[in-house]
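Residue-level structure breakdown
Letter by letter, the chains look like this.
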Amino acid sequence: MGASIAVENLLFLTIATLFLAIAGYAWRDSKPFEIPKPLPNWFQGWLFVVLAAGIALPFVAMLLWGVWWRHQVVIIVFASYFIMLGLQIVSEIVVQKQYQSPIWVAIPCLYLPYRFWQLYEDIQLVSVDSNLIWVKYILIAELLLWIFNYGVHLSQLPRLLRWPSIESNA
């Protein structure tokens, strides 16, 4: 089970990285990309929710059910989750800070749909064991969080890409 998850993650990572490298190369002559400032007033609150629910809650679940109560499937599920989330964050930092590439905007558009799939598969894996019902609920909550976060990201694309609004044309 762990090996097939690792292969699947590696395959996604290879395809996503190849796409980002090709797209980044295609946009290599664009102006350096910077996240528009100031950030919206709600951003800090949303970031706190994502960090608490998207990192702290799964970490506590992994410690409790995976380490404390020794359910190996929970360790596999959350380790994979954290590795892919970490790789997304590293990709965003490298692309935005080091290369200042506008392709940064596409990173969540690649990683989040994969995370939906990853969490769906994880829900199926833990559903087999009735002792992991709360882990299942946590994974469902994670799936809903990341779907909502994807909507937030998509709703911010015009701002991130600096598309003019009616107010800015007046």
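First things first, this report covers the structure right here in the doc. All values reported here derive from a predicted model rather than from experimental measurement.

Within the secondary structure, Gln-96 sits in helix H3 (residues 72-98). Given the relative accessible area of 12%, Gln-96 is considered buried. Not counting residues up to four positions away in its chain, the partners in contact with Gln-96 are Phe-33, Glu-34, Ile-35 and Trp-104.

Before going further, it helps to examine the packing of aromatic side chains. Counted by the stated rule, this structure contains 12 aromatic pairs. Ring geometry for Phe-116 against Tyr-150: centres 5.6 Å apart, planes inclined by 85°, an arrangement best described as edge-to-face. Of this pair, Phe-116 sits in helix H4 (residues 106-126) while Tyr-150 sits in helix H5 (residues 133-155), and the two are 34 residues apart along the sequence. Residue Phe-116 is classed as buried on the basis of its relative accessible area of 19%.

With that settled, the discussion passes to unusual backbone geometry. The amide bond that connects Lys-37 to the next residue, Pro-38, takes the cis arrangement and shows omega of -5°. In this structure, Pro-38 sits in the loop between helix H1 (2-26) and helix H2 (43-68). A positive phi angle, close to 60°, is found at Arg-70, a residue other than glycine. With respect to the helices, strands and loops of the structure, Arg-70 is situated in the loop between H2 and H3. Judged by relative accessible area, which is 72%, Arg-70 ranks as exposed. A positive phi angle, near 50°, is found at Gln-100, a position not held by glycine.

Right, let's get into the nonpolar core. Membership of the largest hydrophobic core comes to 25 residues, with the highest contact counts inside it found for Phe-78, Val-135, Leu-139 and Trp-146. Elements that contribute at least two residues to this core include exactly H2, H3, H4 and H5. When neighbours within four sequence positions are excluded, Trp-146 is seen to be in contact with Val-50, Gly-54, Tyr-81, Leu-85, Leu-112, Arg-115, Phe-116 and Leu-119. Judged by nonpolar contacts, the second largest core, of 16 residues, contains Ala-16, Ala-23, Val-95 and Ile-103.

With that out of the way, let us pick up H5. Over its 23 residues, H5 extends 33 Å from the first C-alpha to the last, a length consistent with the 33 Å expected when each residue adds 1.5 Å. Where H5 is concerned, the buried positions are Val-135, Ile-138, Leu-139, Glu-142, Leu-143, Leu-145, Trp-146, Asn-149, Val-152 and His-153. The inward-facing, buried residues of H5 contact H2, H3, H4 and helix H6 (157-160).

One can describe the packing of H2 onto H3 by two numbers: an axis separation of 9 Å at closest approach and a directional angle of 155°. With respect to H3, the element H2 is oriented roughly antiparallel. Crossing geometry of H2 relative to H3 is assigned as left-handed. Here Gly-54, Ile-55, Pro-58, Phe-59, Ala-61, Met-62, Trp-65, Gly-66 and Val-67 of H2 lie close against H3, whose contacting residues are Val-74, Ile-75, Phe-78, Ala-79, Tyr-81, Phe-82 and Leu-85. Partitioning the contact of H2 with H3 into residue classes produces 14 nonpolar, two polar and no charged.

Cut-offs and rules
- Residues numbered from 1 in each chain as written.
- Predicted model: local features only at pLDDT ≥ 70, side-chain atom pairs only at ≥ 80, totals over all residues.
- Heavy atoms only, no water.
- Helix = DSSP H or I, 4+ residues; strand = E, 2+ residues; numbered from the N terminus.
- Buried < 20%, exposed > 50% of the residue type's maximum accessible area, 1.4 Å probe, protein only.
- Contact = heavy atoms within 4.5 Å.
- Phe/Tyr/Trp six-rings, centres within 6.5 Å; stacked < 30°, edge-to-face > 60°.
- Core = buried A, V, L, I, M, F, W, Y, C linked by side-chain atoms within 4.5 Å.
- Expected span 1.5 Å × (residues − 1).
- Axes fitted to C-alpha atoms, helices over the stretch in contact; angles between N-to-C directions.
- Parallel < 35°, antiparallel > 145°, perpendicular 65-115°, else oblique.
- Left-handed = near helix turned anticlockwise from the far one by under 90°.
- Nonpolar A, V, L, I, M, F, W, Y, C, P; charged D, E, K, R; others polar.

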